[in-house]
Amino acid sequence: MNRMRKAVSVFSNIGVGEAFLDKTDFRVEVACEIERQRCDTYKAIYPKVKDVICGDITAPAIRAEFCKKASGTSLLIATPPCQGFSTLNNKTNKDIKDKDENGKYTGKKKHDPRNSLLQNVISLIRDIMPEYVLIENVPRMLTSIMYLHKSEREMTDEGLKAYENKTSLQIIQEALHETYDIVSGVVNAKDYGTPQNRRRAILLMTKKGEGEWELPKPTSPSPITLRKAIGDLPTLENQEKSDFHRLHYAQKHSARHIDWMRHTPTGEAAWTNAVAKHRPNTIDKITKKPREIKGFTNTYKRMKWNEPAPTLIQGAHMISSSNTVHPGRPYPDGTYSDARTLSILEAMLVMGLPDYWPLPVNLSYKNSINFLGEGFCPHVVEALVNNIGK
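Visitor: An account of the overall build of the chain is needed here, citing residue identities and associated values.
Guide: Scanning the chain from terminus to terminus reveals 11 helices and 11 strands. When burial is assessed residue by residue, the chain has 53% of its 390 residues classed as buried. When the accessible surface of the chain is totalled, it reaches about 18500 Å², and 50% of it is carbon and sulfur.

Visitor: I'd like a description of unusual backbone geometry, backed by residues and values.
Guide: Trans is the common state for peptide bonds, and a negative phi is the common state for residues other than glycine. Backbone geometry places Gln239, a non-glycine residue, at a positive phi of 65°. In this structure, Lys288 is a non-glycine residue whose phi angle is positive, near 65°. Overall, Lys288 belongs to the exposed group, its relative accessible area being 61%.

Visitor: Talk me through the pairing of strand β9 (residues 199-207); I want residue IDs and the actual numbers.
Guide: Among the nine residues that make up β9, seven are buried, leaving the element largely enclosed by the rest of the structure. Bridge count for strand β7 (residues 132-137) against β9 is six bridges, and the pairing is antiparallel. Residue pairing in the sheet places Tyr132 in a bridge with Thr206 of β9. Relative to β9, strand β8 (residues 180-188) runs antiparallel, the two sharing nine bridges. Bridging across to β9, Gly185 finds its partner in Ile202.

Visitor: Describe in detail the packing of aromatic side chains, supporting the description with residues and values.
Guide: The way to describe two aromatic rings as a pair is by their centre distance and the angle between their planes. Enumeration over the complete set of coordinates arrives at five aromatic pairs. Aromatic side chains Tyr132 and Trp213 sit 5.7 Å apart centroid to centroid with 85° between the ring planes, which places their arrangement in the edge-to-face category. Linking Tyr132 in strand β7 with Trp213 in the loop between β9 and α7 (226-230), this pair joins segments that are 81 residues apart in sequence. Here the aromatic residues Trp260, Trp271 and Tyr300 are joined through ring pairs into a cluster of three or more. Taking NZ or CZ as reference, Lys23 lies 4.6 Å from the ring centre of Phe20, over its face.

Visitor: Explain the packing of helix α2 (residues 60-69) against helix α4 (residues 117-128) to me, using residue names and the numbers behind them.
Guide: At a minimum axis distance of 10 Å, the contact between α2 and α4 shows a crossing angle of 40°. In terms of orientation, α2 and α4 fall into the oblique class. Handedness of the α2/α4 crossing: right-handed. The segment α2 lies against α4, with Arg63, Phe66 and Cys67 engaging Asn120, Ser123, Leu124, Asp127 and Ile128. Residues that form the contact of α2 with α4 fall into these classes: four nonpolar, two polar and two charged.

Visitor: Hey, could you go over the pairing of strand β2 (residues 26-33) for me, with residue numbers and the actual values?
Guide: The buried count for β2 comes to six of eight residues, which makes it a mostly enclosed element. Here strand β1 (residues 5-10) runs beside β2; their pairing, made up of six bridges, is parallel. When the sheet's bridge partners are listed, Val10 is paired in β2 with Cys32. By the bridge criterion, four bridges tie β2 to strand β3 (residues 51-54) in an arrangement that is parallel. In the strand pairing of β3, Glu33 is matched with Cys54. In the classification by handedness, the crossover that spans β2, the intervening helix α1 (residues 36-45) and the parallel β3 is right-handed.

Visitor: Which residues make up the environment of Ile14, and what are the values?
Guide: Mapped onto the secondary structure, Ile14 falls in the loop between β1 and β2. Measuring from C-alpha to C-alpha, the distance between Ile14 and Gln37 comes to 8.9 Å, with 23 residues separating the pair along the chain. The contact partners of Ile14, leaving out residues within four places of it in the chain, are Arg38, Thr41, Tyr42, Ile45, Tyr46, Trp357, Leu359 and Phe371.

Visitor: Can you break down the side chain of Thr206 residue by residue, with the values?
Guide: Along the chain, Thr206 falls in strand β9. Thr206 has contacts with Glu131, Tyr132, Thr179, Tyr180, Asp181, Gly211 and Trp213, leaving out every residue within four places of it along the chain.

Visitor: Give a detailed account of the nonpolar core, specifying residues and quantitative values.
Guide: Residues Leu75, Leu134, Ile230, Ile344, Trp357, Leu359 and Leu372 are the most contacted members of the largest nonpolar core, which totals 62 residues. In terms of residue count, the dominant contributor to this core is helix α9 (residues 344-350) (six residues). In this structure Leu75 touches Lys6, Ala7, Val8, Phe26, Pro130, Tyr132, Val133, Leu134, Trp213 and Val385, once residues within four positions along its chain are discounted. In this structure, Phe11, Cys32, Ile62 and Leu76 belong to the second largest nonpolar core, which totals 33 residues.

Quick notes on the rules
Residues numbered from 1 in each chain as written. Predicted model: local features only at pLDDT ≥ 70, side-chain atom pairs only at ≥ 80, totals over all residues. Heavy atoms only, no water. Helix = DSSP H or I, 4+ residues; strand = E, 2+ residues; numbered from the N terminus. Buried < 20%, exposed > 50% of the residue type's maximum accessible area, 1.4 Å probe, protein only. Areas by Shrake-Rupley, 256 points an atom, 1.4 Å probe, with all protein chains shown as cover. Pairing = 2+ DSSP bridges. Phe/Tyr/Trp six-rings, centres within 6.5 Å; stacked < 30°, edge-to-face > 60°. Lys NZ or Arg CZ within 6 Å of the ring centre and 35° of its normal. Axes fitted to C-alpha atoms, helices over the stretch in contact; angles between N-to-C directions. Parallel < 35°, antiparallel > 145°, perpendicular 65-115°, else oblique. Left-handed = near helix turned anticlockwise from the far one by under 90°. Contact = heavy atoms within 4.5 Å. Nonpolar A, V, L, I, M, F, W, Y, C, P; charged D, E, K, R; others polar. Right-handed = clockwise from strand over helix to strand, strands pointing away. Core = buried A, V, L, I, M, F, W, Y, C linked by side-chain atoms within 4.5 Å.

Here is the structure:
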C-alpha cells in the first residue's frame, strides 16, 4: 500500500471536491474556510481531517496558522470564489465595472476583492512550497483582465498594482514560472463521470524536478444523462417529502411559479408557453391586471432528460434562476410534474456525489443547494490527482 501524502485546501467550502480523494494517494490534513456554517459542515463530513481552520485566509493570524499546519504538504488545492469572474451574476458584474468622470460605465471592470484572492494564493504557494498545486475556477479566470478602479490605486499595495491589466494566468506564470511548471486548460465535468455540463478552468502546477502533470483524458466514453442520474427518483410536488431518502424533498415555491412550470414541457422555458396566463407575469400597478414580464430565456426553464444537467450554480434553489427546474413528466391533463427546483439528493447526484455522502440533514435547503453549487466536482478532482506523474 502506498504511503498517503499530505494535502491541504483553501476556500474549502464543505469539501465537495474531496469526496473521492481516498481513491488517490493524497489525504487532506488541513482545510481553511471563512464561513462558520461551511466549516461546521466540513467537520461533520470529514471528521478525520486533523485541522479545519475557520477564518479569513487573508488575515495574518489565520494565514500564519494555516502555513504552520500546512508545512510539508505535497498538494495544495485552491478554489477561490468565482463570482468576480462569472457572467451569470449581472448585478455583481455591473457593480464592479469602472465608471468615467460622468458616472457612466466604461465596460472595464474595476478591481474585485474576490479576484485579488489570487494574490493571496500565490503568496501561500511561495510560503508553503508544495510539490503540486491544483487551482479551479470558472473559465473566465484564464482570460479576464484585472483592473483597478481609480479610487483604489493609491490604496492598493505595489504588488497588486503590478498585476493590473493582466490575466490571472499571466499573473501566476510571471510570479511562479521559475519554481513551477504550469499547465492550464478548461475541462468539462461531463467528460469525467459527472452528469453535469460544467466547464471549469484548471491550473496544474508542479514544482520543477517533480515530473509531469498534465490534464487527464476524459474518463467517460459518453455523457451521463439526467435521466440515468435521477430518473428513477420519486416525483415530488411543492413541499412534498419522500420516504425514499432523507434529502429527497421539495422546497416551497410560489403558487404563480408552480403554475407557470406545471404548464412548461420538459426542456422548455415558461416564456414560450402557449397560453399567456401561464407565462411569467406580474400584476400591473395601474390596471391591476396580469402583465407579461421580460427576462432571460434560460430562466423559468426545465432541464432535459436526455442530456447532462446544466451547470449547478449558486441560486439553483430558485425557479427564476438559470436552468434550475426539474425536467418533469407529462400528466394526462397536459401539465407536467415536478414544478420545482432539484431536491438536495438530486443536486448531490448531478455533482457526481453518491447518495450516501454524509451531508448533514440540519442544513437548510437553500444553503445545501448553494454549497453544492459552489463545489468542485469530485470525479474531476479524482481524475486530475490520479494523473500526477503520468
